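One letter stands for each residue in the lines below.
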Amino acid sequence: MKQPALPKVSVLIPAYNEEKYICYVLAALLKQDYPNIEIIVANNASTDRTAVMVETFIATHAGSPVSIQLVHEMKQGTNHARECARLHATGSIIAQIDADCVPGPNWISKGLRYLIRSKRVAVTGPYDYFDGNFFMRYATIITQCLTYPMTNEVVQVAQRGAILIGGNAFIRASALRMAGGYNTELTFYGDDVDLGARLSRLGHVMYAPQLMMRTSSRRYHALGFWQVNKKYQDCFWKLVFRQNHLNETVELNHPR
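Considerations on the pattern of salt bridges
Phase 1 of the analysis: A full pass over the atoms with the stated rule returns six salt bridges.
Phase 2 of the analysis: A salt bridge links aspartate 98 to arginine 82, with the shortest nitrogen-to-oxygen separation between them at 3.0 Å. Taken together, the residues span a long stretch of sequence, with aspartate 98 in the loop between β4 (93-97) and β5 (101-102) and arginine 82 in helix α3 (residues 78-88) at a distance of 16 residues.
Phase 3 of the analysis: In this structure arginine 82 comes out as buried when scored by relative accessible area, which is 4%.
Phase 4 of the analysis: Two residues, aspartate 194 and arginine 198, come together in a salt bridge whose shortest N-O distance is 2.9 Å. Of the two residues, aspartate 194 and arginine 198 both sit in helix α8 (residues 191-200), four residues apart, roughly one turn of that helix.
Phase 5 of the analysis: Looking at aspartate 194, the relative accessible area reads 4%, which means it is buried.

Structure below.
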């Protein structure tokens, strides 16, 4: 009996000045135990050698069965880059990852198992800040694994959005298209909160603590742990408690 074809996964990587990190995430993606993927790197007006590094990596791995594509988006902002990559994607599943992430070899296969188990529109999981200090690393893991799943379920039952981790998510391409794609009015903070809210109106967004993603804590080092954490928390809870803001977000992506 012929086995059904595996769904194609399009991995989107926004990249702004990521010459130090980009090859690590590409190498990790080539080691995935899931075969049917394409990788799309959106060079977001980088001023360093990001594009050159990607082009060199592609040339070096020309014999790989995995397609790696470099596209360019001159309007700066994570969502500008992701939307550019999405428009080039051909997979039925969109996988979001950041340029400073290092996924384990079963990241895609595990994410798909959670996503296709039911009528979920998206699945997301926690970060492991592998280069952070001991307190920061394990405090964030415990918080994400213990409090985020419950919070995510409560806010969805209340129809107030959902938790979505921007660099560790799997989304049905059809749902993302119906949600209006990526909101390019948002350049960074709040982009994942906005997307989680819009997707939650189309179906269930699962938070899976086992879907761990190793990523850099460089932003916390640069701007301060509490300052960055406060920005993320403010964006999320403002959306949860301000229903008008959620309505404005949806209308922005679905103009009448």
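Overview of the nonpolar core
Phase 1 of the analysis: With 41 residues, the main nonpolar core has Val11, Ile13, Ile39 and Trp107 as its most contacted residues.
Phase 2 of the analysis: Leave out the neighbours within four places in its chain, and tryptophan 107 touches Val11, Leu29, Gln32, Ala95, Gln96, Ile97, Asn168, Ala169, Phe170, Leu211, Met212 and Met213.
Phase 3 of the analysis: Counting 23 residues, the second-largest nonpolar core is a separate cluster that includes Ala81, Ala85, Ala173 and Leu176.

As for the sheet that holds β5
Phase 1 of the analysis: Spatially, three strands are ordered β5-β10-β7 in an open sheet, and the strand pairing comes out mixed. The open sheet has two edge strands with one neighbour each: β5 and β7 (127-129).
Phase 2 of the analysis: In terms of strand pairing, β7 meets strand β10 (residues 213-215) through three bridges, oriented parallel. The residue bridging tyrosine 127 from the neighbouring strand is methionine 213, located in β10.
Phase 3 of the analysis: In this fold helix α5 (residues 134-146) packs onto β7 and β10, with an angle of close to 170 degrees to the strand it touches most, β7.

Topic: the packing of helix α1 (residues 22-30) against helix α2 (residues 50-60)
Phase 1 of the analysis: Between α1 and α2, the least distance of the axes is 10 Å, while the angle of their chain directions is 30 degrees. It follows that α1 is roughly parallel to α2 by the angle criterion. Considering only the axes of α1 and α2, their crossing is right-handed. Together, Ile22, Cys23, Leu26, Ala27 and Leu30 of α1 and Met53, Val54 and Phe57 of α2 make up the contact between the two elements.
Phase 2 of the analysis: Of the residues belonging to the contact of α1 with α2, the class tally is eight nonpolar, no polar and no charged.

Some thoughts on empty space enclosed by the protein
Phase 1 of the analysis: Across all of its chains, the model carries one cavity of 30 Å³ or more by this definition.
Phase 2 of the analysis: Taken as a whole, the largest cavity encloses approximately 30 Å³ of empty space.
Phase 3 of the analysis: Contributions of two or more residues to the lining of the largest cavity are made by α3 and α8.
Phase 4 of the analysis: The dominant element in the lining of the largest cavity, judged by the number of residues it contributes, is α8, at three residues.
Phase 5 of the analysis: Taken together, the residues of the lining of the largest cavity sort by class into two nonpolar, two polar and three charged.

Quick look at the packing of aromatic side chains
Phase 1 of the analysis: Under the defined criterion, the tally for this structure stands at four aromatic pairs.
Phase 2 of the analysis: A centroid spacing of 4.9 Å and a plane angle of 45 degrees characterise the contact between phenylalanine 134 and tyrosine 138, whose relative ring orientation is tilted. Of this pair, phenylalanine 134 and tyrosine 138 both sit in helix α5, four residues apart, which is roughly one turn of that helix.
Phase 3 of the analysis: Residue class for tyrosine 138 comes out partly exposed when judged on its relative accessible area of 37%.
Phase 4 of the analysis: Arranged with centres 5.7 Å apart and planes meeting at 70 degrees, the rings of tyrosine 148 and tyrosine 207 form a pair that is edge-to-face. Taken as a pair, tyrosine 148 in helix α6 (residues 148-157) and tyrosine 207 in strand β9 (residues 204-207) lie far apart in primary sequence, 59 residues in all. In this structure, tyrosine 148 and tyrosine 207 share a single accessibility class: buried.

Rules behind the numbers
- Residues numbered from 1 in each chain as written.
- Predicted model: local features only at pLDDT ≥ 70, side-chain atom pairs only at ≥ 80, totals over all residues.
- Heavy atoms only, no water.
- Salt bridge = Lys/Arg side-chain N within 4 Å of Asp/Glu carboxyl O.
- Helix = DSSP H or I, 4+ residues; strand = E, 2+ residues; numbered from the N terminus.
- Buried < 20%, exposed > 50% of the residue type's maximum accessible area, 1.4 Å probe, protein only.
- Core = buried A, V, L, I, M, F, W, Y, C linked by side-chain atoms within 4.5 Å.
- Contact = heavy atoms within 4.5 Å.
- Pairing = 2+ DSSP bridges.
- Axes fitted to C-alpha atoms, helices over the stretch in contact; angles between N-to-C directions.
- Parallel < 35°, antiparallel > 145°, perpendicular 65-115°, else oblique.
- Left-handed = near helix turned anticlockwise from the far one by under 90°.
- Nonpolar A, V, L, I, M, F, W, Y, C, P; charged D, E, K, R; others polar.
- 1 Å grid on protein atoms, 1.4 Å probe; cavity = no way out; pocket = protein on both sides within 12 Å on 5 of 7 lines; lining within 4 Å.
- Points joined across faces, edges and corners; volume = space filled by probe spheres on them.
- Phe/Tyr/Trp six-rings, centres within 6.5 Å; stacked < 30°, edge-to-face > 60°.

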